[in-house]
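Letter by letter, the chains look like this.
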Amino acid sequence: MSDPLTLSLNGICRSFGPVQVLHDVDIALHPGQVHALIGENGAGKSTTMKIMSGYLAPTTGELTLNGVPVSFMNSQDAEAQGVVLIHQEFNLADQLSVEQNIFLGHEKTRGLFLDKATMQTETRALLKRLNCEVDPSARVQDIANADKQMVEIAKALSRNAKVLIMDEPTAVLTAREADVLFEQVEKLKADGVAILFTSHKLDEVKRISDQITVLRDGHVVSQGPASDYDEDQMATAMVGRDVSSLYPVRAGEIGTTAALEVTGLTVPGFAEDVSFTLHKGEILGISGLIGSGRTEMIEGLVGLRSATGQVRLNGDDVRFKSPSQAQAAGLCYLTEDRKSRGLLLNKGMRENLTLQSLPDFTNWLIDHTAEEVALTKAIEEFDIRAPTRHVAVGNLSGGNQQKLLIAKIMLADPSIVVIDEPTRGIDIGTKQQIYEFIHALSAQDKSIIVISSEMQEVIGLADRVLVMRTGRIAGEVSGADMTEDKIVRLAMGLDAQKEETV
Amino acid sequence: MLTADKNKHTKNMLLDLKVMGPILALIVLVLVGAALNGNFLSAGNVSNVLSRSAFIGIIAVGMTFVITAGGLDLSVGSMAAFIAGLMILVMNGLLPSMGAGWPLVMVGLLTAIVAGTAAGFINGFLITTMRIDAFIVTLGTMGIYRSLVTWLADGGTLSLDFGMRAIIRPIYFDGILGISWPIIVFALVAVIGELVMRRAAFGRHVAAVGSNDQVARYSSVNVNKVRMMTYIFLGVLVGIATIMYVPRLGSASSSTGVLWELEAIAAVIIGGTMLKGGFGRVWGTIIGVLILSLIGNILNLTDGVSPYLNGAVQGVIIILAVILQRDKKAEG
Amino acid sequence: MKFTKFAGAVALGATLVMPAFAQDTKVIGVSIPAATHGWAGGMNFHAQEAVKRLEEVYPELDFVLATASDAAKQVNDIEDMVATRNIDALVVLPFESEPLTSPVKAVSDGGAWVTVVDRGLSIEGIEDLYVAGDNAGFGKVSGEFMVSAMPEGGKIVAFRGIPTSIDNERVAGFEAAIEGSGIEVIGMEHGNWNRDDSFVVMQDFLSKHAQIDAVWASDDDMAIGILAAIEAAGRDDIQFVLGGAGMKEMIARTRDGDAMIPANVTYPPSMIATAIELTAVGLTSTAPVSGTFVIGSVLVTQDNAAEFYYADSPF
């Protein structure tokens, strides 16, 4: 590779209108180092990355490349100088091939025609450098998420990136896919690329970064070599208070009466013969690998998918053909996908809050005053922080969106709630708040099912954990048995093997 | 700080323009019309323009709901022609047994409403239950209804019996206090439509479905039912529009209602409803309909612009109205 | 109408001598515009009637009838007829002259008989037989009636059809006929041969002009919309409305002495039947039928209206 680059932000401030979101930020990215930028949602990480990569200009302060002040006119200008941002949502054309994506907008030509041979060769070389075995002619929509990430990186390298900025690169990757990514990051480091990345997963940060910068409310509150931090210290710096006790202590009594009894629930293609019981006031965790049918099983239960089997709710036989029937019976499901299934991003908080329980606000016409009262109450109760009451919810941070979504579900006053991935993509401070909400609900004698891919989360929250594997309940753990090791074994089917060999 | 204030000011202006754009365009048209011809604001001309806007207007109110829910209906013009033909055939057919009179008129009105409901249901059923794209379904039914009316009329014109025509005529030409029935019905439909869109749960659900049908589904909204209802609602309104239309000339042919669907869609978009769904406003649609009618009226009342250019003037206004309302390009 | 009768006579003659010529089945293709307005509806009716009748009269003839909603579709229809039915003769009422000229020429070059109806092609000499309506004559007869009905002159508004060469020829003929007569055209707009459009345009004319003495509607569909607008406005300054093309309801009103509709000018949609029949004769006999047949426009008044009333026609 050609000369390595050091990118520095010196005293960067940035305001949007009257609101100042960055205060005097200093960060230096050095060749061959991985720099982690961490902070709660809304701390200013995105703005910082956008300023680094030319998407936004700083209000005051300067950027330097190898000590020389620069000002990027736009992101193309930044790319031309070797600074590339990889967005959290992939920026790839699904219908085009890997190779076409890598050279999109920078196609090699020979005369009037595309120089396919050269592009093919270069694509192979790039992918080989990343140890990625994806076929250059495969369509992007057909390849795995991890490979897509690699294609993004290959694309950046093809632009001769010397400073690579990655916005939550592992958010959509499984643990194994993330491992592959980290191996490649190591290779890039060795090549002298300067890397900055953000992540909410502090174990990852600890594992791969050399330098750490912690942002809070637009200020750099802590900065130093990664070796100086452990996860608790990072979290405390981010939140500004002690978060070592992430999970609240179980206060409520767990009832013994069954609230929900499911027998032989089958969702064709996803879940088979699932049976379990949920008690009043209980928090039941459901764990399992992604694709194990957890979400689909519950969607079958609440009438979002067709399913067969027996369901008893508070002792009555029920069969839900639609979510509205389930809701009427007091059973609500909170989706894992708040952006495309949970909230109308271009609508305001009021419309979103009451959408699920609109009939309660309607007497011929919708009672706007009652809606406003409900919103005020929800904002207070769930600590939703929005710039104004009329903001489109797409402009709220992920954590506040999640709180609004919980408020929306709770407005329907269900006696049983299924919360799917309650804290995906949410900063640690908000996580703690959400865990407290969940506990408060169970204390009100509501029964709760929590589905989560985060092992720690189910263990910390639930009274009992069901583990699913390939559409079936692989086992149940509770009490002292609720350990990561035990759950992983069930999820991977290892216990079964062991038993067979015995 | 100074620049910040200035930015804020521009932003408010843009916001206002988004809401006020169609109203401003309407006011400008009225001023231009009044300046060009003294008769423009006469009671007779105002009444003419409002009455003739009623057909498209009533249909466009229904179209606002369909488009807001993320759908589209290209069949309304043909549907109107077909319902008009059916209404005339039924009345002519029952004339010998029932005799000319109001009972027969009532049967005619009922025919139109029932046929409209059924036609809307068929569109809705194919789109929701059979999951065929709305564009394709209504493109198909557009051709079907147009052919059916041509076939019913044997290629010519279906004419209402002369005696019946005299009885039914007042539905278009008479009214209360000098305001003709089409205007009254149009106003009623507009007010109810606006109320439903803004204040009723159905209107909220329509916007939610158009904005993101998955979110609506996960929020216990019966998405198919909401979609279905928008098409049925539109079908009923096409029936009502036809009830206003038939008394005017007492006839229907294959040239009845040609391009009404595009005029209705244009009015909806001029009014600020988003073509991709998720947001709609009925009052905007009403303004859109009036803008379109006024353009034709003004061009007829004045000399100087070639009638060949009528379509061009309409096209320019539609594009201008949408430019005024477009979202400021999202910043990075 | 005379020509229809003449052709019928020839056809009858041909039927009698038919056995002598009985041989392979011959195919006649008929390509016409779809029934999108009253006149075209009548023309479709007459075409279907003629085909039905002639198929019985000439067992050795086969007919293919296609209606097109635009010129491009009509070109496709004709190409299909040649390719799949191998037609021996083509009767075509061109949607528009320009786009149909070369496809029809190709048929003619391929050796088939070509009969063109109503609208001429852009190049002369392609067709074997041209059965033409007289659009300039239509305008002229209309204008002459206006002049005779308004000897003192007066103010009129005029309605045009869909912008086409037919419309231009009619208007030119009309304007030439009223030249210098003292009749002033104070407004002229397109009513597109459509009742609804004409209703709206007439309403606006009535708002714009305080005094209108007469209306040249130029078409009976448009006349119906115009009459409704006048009636609704309650204006009594308009003395009469002159339509055209001879729709049966309007002919009936003229016959019955309706003062608002004192006359009509024919442009018979049955000219298509004439053309099909002459083509059949040309194909099955040695009778000379090639050349040009102009079907003139005739003024219909109360005196002769009964002759032009066809109870069975939809138009």
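Whatever comes next refers back to the structure up there.
Residues numbered from 1 in each chain as written. Chains lettered and ligands numbered in written order. Predicted model: local features only at pLDDT ≥ 70, side-chain atom pairs only at ≥ 80, totals over all residues. Heavy atoms only, no water.

## Some words on the packing of aromatic side chains
Residue and element names in this part refer to chain C. Taken as a whole, this structure holds 19 aromatic pairs over all chains when the rule is applied. Seen in terms of ring centroids, Phe-138 and Tyr-267 are 5.9 Å apart; in terms of plane orientation they differ by 85°. Their pairing is edge-to-face. Taken as a pair, Phe-138 in helix H5 (residues 135-149) and Tyr-267 in the loop between strand E10 (263-265) and helix H10 (271-284) lie far apart in primary sequence, 129 residues in all. Neither Phe-138 nor Tyr-267 differs from the other in exposure class; each is buried. Between Phe-174 and Trp-216, the aromatic rings sit 3.8 Å apart at their centres with planes inclined by 5°, giving stacked as the arrangement. Pair noted here: Phe-174 is in helix H6 (residues 165-178) and Trp-216 is in strand E8 (residues 214-216), with a separation of 42 residues, a long-range link. (Phe/Tyr/Trp six-rings, centres within 6.5 Å; stacked < 30°, edge-to-face > 60°. Helix = DSSP H or I, 4+ residues; strand = E, 2+ residues; numbered from the N terminus. Buried < 20%, exposed > 50% of the residue type's maximum accessible area, 1.4 Å probe, protein only.)

## As for the side chain of Thr-302 of chain B
The topology assignment puts Thr-302 of chain B in the loop between helix H13 (282-301) and helix H14 (310-325). Among the polar contacts made by the side chain of Thr-302 of chain B, one reaches the main-chain carbonyl oxygen of Ile-298 of chain B at a distance of 2.7 Å. The residues touching Thr-302 of chain B, leaving out its near neighbours within four places in the chain, are Leu-36 of chain B together with Lys-208 of chain C. (Polar contact = N/O pair within 3.5 Å; in protein donor to acceptor, adjacent residues only side chain to side chain. Contact = heavy atoms within 4.5 Å.)

## Quick word on unusual backbone geometry
Across residues other than glycine, the phi torsion is negative in most instances, and most of the peptide bonds are trans. For Ser-220 of chain B, which is not glycine, the phi dihedral falls at a positive 65°. Examined against the element boundaries, Ser-220 of chain B turns out to sit in the loop between helix H10 (213-218) and helix H11 (223-249). Ser-220 of chain B gets classed as buried once you look at its relative accessible area, which sits at 13%. Positive phi is not limited to glycine here, since Ser-218 of chain C has a value of about 65°. Here Ser-218 of chain C is to be found in the loop between E8 and helix H8 (220-233).

## Here we look at the sheet that holds strand E16 (residues 308-313) of chain A
Residue and element names in this part refer to chain A. Taken in spatial order, the four strands make up an open sheet running E14-E13-E16-E17, and their pairing is antiparallel. The open sheet has two free edges, formed respectively by strand E14 (271-279) and strand E17 (316-318), since each of these has just one partner strand. Recorded for the sheet is a direction-independent mean angle of 15° between the axes of neighbouring strands. As paired elements, strand E13 (residues 258-267) and E16 share five bridges and run antiparallel to each other. Each bridged residue has a counterpart across the sheet, and for Leu-260 the counterpart in E16 is Leu-313. Its contacts with the sheet place helix H9 (residues 294-301) against E13, E14 and E16, and it is angled at close to 110° to E13. (Pairing = 2+ DSSP bridges. Axes fitted to C-alpha atoms, helices over the stretch in contact; angles between N-to-C directions.)

## A word on the interface of chain A and chain B
At the junction of the two partners, chain A supplies 30 residues and chain B supplies 21 residues. Of the roughly 2300 Å² buried between chain A and chain B, counting both surfaces, carbon and sulfur atoms make up 56%. Linking chain A with chain B are one salt bridge, by the criterion used here. Put simply, Glu-371 of chain A and Arg-204 of chain B hold a salt bridge, and the shortest N to O gap is 2.8 Å. The interface formed by chain A and chain B contains twelve residue pairs in polar contact (both at pLDDT 80 or more). Every element with two or more residues in the side of chain A that touches chain B is listed here: helix H10 (323-328), helix H11 (338-342), helix H12 (349-354), strand E20 (365-366) and helix H13 (368-381) of chain A. Examining the composition of the side of chain A that touches chain B, we find that four residues originate from one element, H11 of chain A, more than from any other. Class assignment of the residues belonging to the side of chain A that touches chain B gives a composition of ten nonpolar, ten polar and ten charged. (Buried area = accessible area lost by both parts, 1.4 Å probe. Salt bridge = Lys/Arg side-chain N within 4 Å of Asp/Glu carboxyl O. Nonpolar A, V, L, I, M, F, W, Y, C, P; charged D, E, K, R; others polar.)

## Some details on the pattern of salt bridges
In this structure the tally under the stated criterion is 38 salt bridges over all chains. The partner of Asp-213 of chain B in a salt bridge is Arg-227 of chain B, and the shortest N-O contact between them spans 3.5 Å. Of this pair, Asp-213 of chain B sits in helix H10 while Arg-227 of chain B sits in helix H11, and the two are 14 residues apart along the sequence. Accessibility expressed as a relative area gives 19% for Arg-227 of chain B, which makes it buried. Here Arg-255 of chain C ties to Asp-256 of chain C by a salt bridge, and the two come within 3.2 Å at their closest N and O atoms. For Arg-255 of chain C, a relative accessible area of 30% translates into the label partly exposed. Overall, Asp-256 of chain C belongs to the exposed group, its relative accessible area being 55%. Through salt bridges with shared partners, a single ionic network connects Arg-350, Glu-371, Glu-372 and Arg-389 of chain A together with Arg-204 of chain B.

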